[in-house]
Structure formats: C-alpha cells, structure tokens
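Listed below, chain by chain, are the residues.
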Amino acid sequence: MKRIFLLCIACCFLSALSAQSTRKIRELENKRKELHQQIAESETLLQSTKKDVKSQLENLALLTGQIEERRRYIHTIETDVNTLAKEITTLQRQLTALQRDLKEKKKKYEASVQYMYRNKSVQEKLMFIFSAENLSQTYRRMRYVQEYANYQRLQGLEIERKQRQVVSKKKELEQTRKAKENLLKQGETEKAKLEIQEKDRQALLANLKKKQKGIQNEISKKKRSAQQLNAQIDRLIEIEIEKARKRAEEEARRKAAAEAAARKAAAAKAAEANKKSSGETASTSKSGVKTSGKKVAPVEKFNLNNEDHRLSGNFERNRGILPMPVTGPYVIVSHYGQYAVDGLRNVKLDNKGIDIKGKPGAKARAIFDGEVSAIFQYNGLNNILVRHGNYISVYCNLSSVAVSKGSKVSTKTILGTIHTDSSGNSVLHFQLRKETAKLNPELWLGR
C-alpha cells in the first residue's frame, strides 16, 4: 500500500510539472502578443512627407524607434525559442520516464495476473488460508489474500492513469514543438521586415548626409530650446524642494510643540504633587518653563513630511512597472542621456528625459498618484510637473491641460493633450527627477 501511495504522489508531481509547462508557454505567448501589438500600433505612426531637415530628422528618429522595437521583439522571440527548446527536452525526458514506468507496471501487473490465474479457484485460496499453523497466521493469510486482490485492482487503475499521462504528455510535447516551429517562422518574418526598415533608414541617412550643415543648425536649435526648457524645470523643482522643506519643518515644529505641551503638563502635574508634599513649587515650575522653551532642531533641506514619505516609498516599489505617460500607440524617438546618432557624423544628442511620439490627439497621463505642483508655458505650449513625494514627473509639449495646480491625480489620470505640429508629429517630452537628480525614465516605465 505504501508503494502505491508513493506512486500516486509521483504521478501528481508529474501532472503538476505538465501544468507548469503549459502555463509557462501561455505566459510567453501573452508577453509576445503585447510586444507584437505594440509594434503593430507603432507602425500606424506615419512619417512626414516633407523633405526639410527637421522633418527628415524626425522621420529618422521615428524609424530608428520602430527598428529598436522590432529588434526587441525579435530578441524576445529568440529567447522564447530557447525556452521552448529547453521545455521540449524536459517534456521528452518526462515522457521517457512515464513510458518506462508504464512498461514496468505492465510487467508487474502481467506477473500478478498470471499468479492469480494459477491460484484462481476458491478452493486453492481456502487451502492456503486454512493450512496455517495457528489462528494468528490464518488471520494474516486472509488479510494477505484480500490485500493482494486490492493491490491488483489498484495496479490496473494505476496503469490506466499512467497511460492517460503518457498520451497527455505526447500531446503536450507535440504542441510545444509546433509552437517552436511557428515561433521560428514568425522570427524569420520579423527579420525580413527589419531588413526592409534598415534599408529605409540607410536611404534616409544617405539623404541627410548631404545636408550636414542644415543638420547641425537644427540640432543646435533644439539644444538651445532644450536648455531653456530645462532651466525653467530646474527652477520650479527647486521651488518645490523648498516647499517640501518648509512642510517638513512645519510638521516637525507642530510635533515638537505637542511634545513640549505634554512635557509642560506633566511638569505642572508633578509640581502640584510636590507642592502638596514638600512645598517646592517654584523650582519645579521653573524647570517646566525651561523645557517648553527649548529650540526646535533645524530640518535638513530635503526632509519630507509623512505623506511625502508614503508616496515616495510607493513610487519606488513600482519601479519598472509604471505606465507609459501617453495614451494609444507610441514609439520612443529619443532616449535619455548623451548619445551619438548612428549613421550621422558629429551628431550628438543630450536628452534629460525621453521623447515619446504618439498619434495626433494622444493624451499625456500621470504615471503615478501625486499632486500637480506646477503648470508653466514655454514657446506657447504647456508643461506640467507632478510631485510623487520626493519624485517629480515632468510632461512637456502639451497643447492643452486638463488639470490645475494643486490638483490631486491618480495613476493614468489624463493631464492634457499632446501638441501636434505642422508635420503631424505629436511628441511628448517626459522627464523624471528625484529632487534635483535626473533619472532615466525608461528604467521606471513598464514596456
């Protein structure tokens, strides 16, 4: 019976492995579907038909972003193919083990059937029982006959169950192999599309290389505009930091005042008690006044109040899974930090955030709960700062706003509409700060 119990446990374990394998494949498929949908949507973002340097640079940024998305998708496909290959090896190993186990069980079952056939008559069973030397042995032999019959029945059931597992495992293995084959075909299709995009990019670069002077002028113009915008953002963030410092100081003062009042009340109570017992009221009262008049320790510059601490902690825990700050399809057309534009000579960009291109009419939305700390205009467009404790998210290039200063916002709250220029480009410039430190938004956003 113990053996049967252990065999049942082993079967349950194999079934659990099978379910885990199927769940893993489904998870991979779901992730790939999301990426594929993102690529399909990003391809609906059209390039400008204008031939001026500005429009062509924007087209190059869009095409580069789409290529990066496709490369990321191909990398995911390749990773999933490797995962499925390992899964196939595991399934094959499990199937071999099941088949070997089934073969052994059939062999044992066959032997037990032959034994039962040779001793099938009731008379033989009774002779076996009553030929016992004593009553105790008779009882044990009766139990043996019963348990052996029960064991044989369970063995038959176990073989049926094992056969079902073998069939199921074969089916699962076949499905996984088909999934891998389909994935390899999909990878080849995506590589062919990537090759076409790479050729389009090379053609665009060849055209732009003839306009080197115009490129440098356009880049210089963008740099000057970005520097002025960042100067305004920096100034407003410094104001926010000072406000946070004052809030924290005020909270600390209130707490200190409450503690002083409590100490004063305790001192007064003690003084009353001393007055009754020893009459030393004056010295005790004096001591109480001194305590309440104690100065509050200065609060460091970046101290936060309790609400700011709570928001900051929650924000940090969502690193890597915050929603994209735009609605609808999007492509990241400019990344964070300093980098050279691949294919163009002496063209370097320095972005304090990221630029995200969406469809005309796309909205900017909050990436987390917070409060609108500032709304300001630059070059006739609106820009919003949202504070999340000691983190600040910045949304620039909005044609209209849907919130006001001091508004409480939650994750994905619509903040405004992204401006669409004359070439049909709707690009949100997005930044993320921790106090004055600039952060790479791509490390915080979920994609």
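Everything below is about the structure shown above.
Residues numbered from 1 in each chain as written. Predicted model: local features only at pLDDT ≥ 70, side-chain atom pairs only at ≥ 80, totals over all residues. Heavy atoms only, no water.

Colleague: Help me understand the overall build of the protein chain in this model?
Modeller: Assigned secondary structure in the protein chain consists of seven helices and 12 strands. Per-residue burial over the protein chain gives 39% buried out of 447 residues. Taking all contacts inside the protein chain whose residues are at least 6 apart in sequence as the whole, residues at least 24 apart take part in 76%. (Helix = DSSP H or I, 4+ residues; strand = E, 2+ residues; numbered from the N terminus. Buried < 20%, exposed > 50% of the residue type's maximum accessible area, 1.4 Å probe, protein only. Contact = heavy atoms within 4.5 Å.)

Colleague: Where do I start with the pattern of salt bridges in this structure?
Modeller: Side-chain pairs of opposite charge can arise where the charged atoms are in close proximity. With the rule as written, the count across this model stands at 13 salt bridges. For the salt bridge of Arg387 with Glu435, the shortest nitrogen-to-oxygen distance reads 4.0 Å. On the criterion of sequence distance, the pair formed by Arg387 in strand β7 (residues 381-388) and Glu435 in the loop between β11 (426-434) and β12 (437-439) is long-range, its members being 48 residues apart. On the accessibility criterion, Arg387 (5% relative accessible area) is buried. Residues joined in a network through salt bridges with shared partners are Lys54, Glu58 and Asp421. (Salt bridge = Lys/Arg side-chain N within 4 Å of Asp/Glu carboxyl O.)

Colleague: So what exactly am I meant to see when it comes to the side chain of Arg433 here?
Modeller: Here Arg433 shows up in strand β11. A residue is classified by how much of its surface remains accessible, and Arg433, at 1% relative accessible area, is buried. Within polar-contact distance, the side chain of Arg433 engages the side chain of Asp234 at 2.8 Å. At 2.8 Å, the side chain of Arg433 forms a polar contact with the side chain of Gln431. Ignoring anything within four residues of it in the chain, the contact list for Arg433 reads Asn230, Ile233, Asp234, Ile237, Asn390, Tyr391, Ile392, Lys438 and Leu439. (Polar contact = N/O pair within 3.5 Å; in protein donor to acceptor, adjacent residues only side chain to side chain.)

Colleague: Please clarify how helix α7 (residues 306-317) should be interpreted in this entry.
Modeller: Counting along an α-helix, one turn takes 3.6 residues, and residues three or four places apart therefore face a common direction. Under the 1.5 Å per step criterion, the end-to-end length of α7 is 17 Å for 12 residues, consistent within 8% with the ideal 16 Å. Within the span of α7, buried status applies to Asp308, Leu311, Ser312, Gly313 and Phe315. (Expected span 1.5 Å × (residues − 1).)

Colleague: Can you walk me through unusual backbone geometry in this structure?
Modeller: Leaving glycine out, the prevailing phi sign among residues is negative, and the prevailing peptide bond configuration is trans. Phi at Asn397 is positive, roughly 80°, even though this residue is not glycine. On the basis of relative accessible area, Asn397 is assigned to the partly exposed category, the value being 22%. Even without being glycine, Lys412 reaches a positive phi, approximately 75°. Along the chain, the position of Lys412 falls in the loop between β9 (408-409) and β10 (414-418).

Colleague: What should I look at first to understand the packing of aromatic side chains in this one?
Modeller: How two aromatic rings sit relative to each other is given by the distance of their centres and the angle of their planes. The tally for this structure, following the rule as stated, stands at five aromatic pairs. An aromatic cluster is present here, built from Phe315, Phe368, Tyr391 and Trp444 joined pairwise through their rings. (Phe/Tyr/Trp six-rings, centres within 6.5 Å; stacked < 30°, edge-to-face > 60°.)

Colleague: Teacher, can you tell me more about the pairing of β10 here?
Modeller: Counting buried positions over the five residues of β10 gives four, a clear majority of the element. For strand β5 (residues 363-365) and β10, the ladder comprises three bridges, and the chain directions are antiparallel. When the sheet's bridge partners are listed, Ala364 is paired in β10 with Gly416. Taken together, the three bridges between strand β8 (residues 391-401) and β10 define a ladder with antiparallel strand orientation. Among the inter-strand pairings, Leu398 is bridged to a residue of β10, identified as Ile418. (Pairing = 2+ DSSP bridges.)

As far as function goes, none of this settles anything; it's purely spatial.
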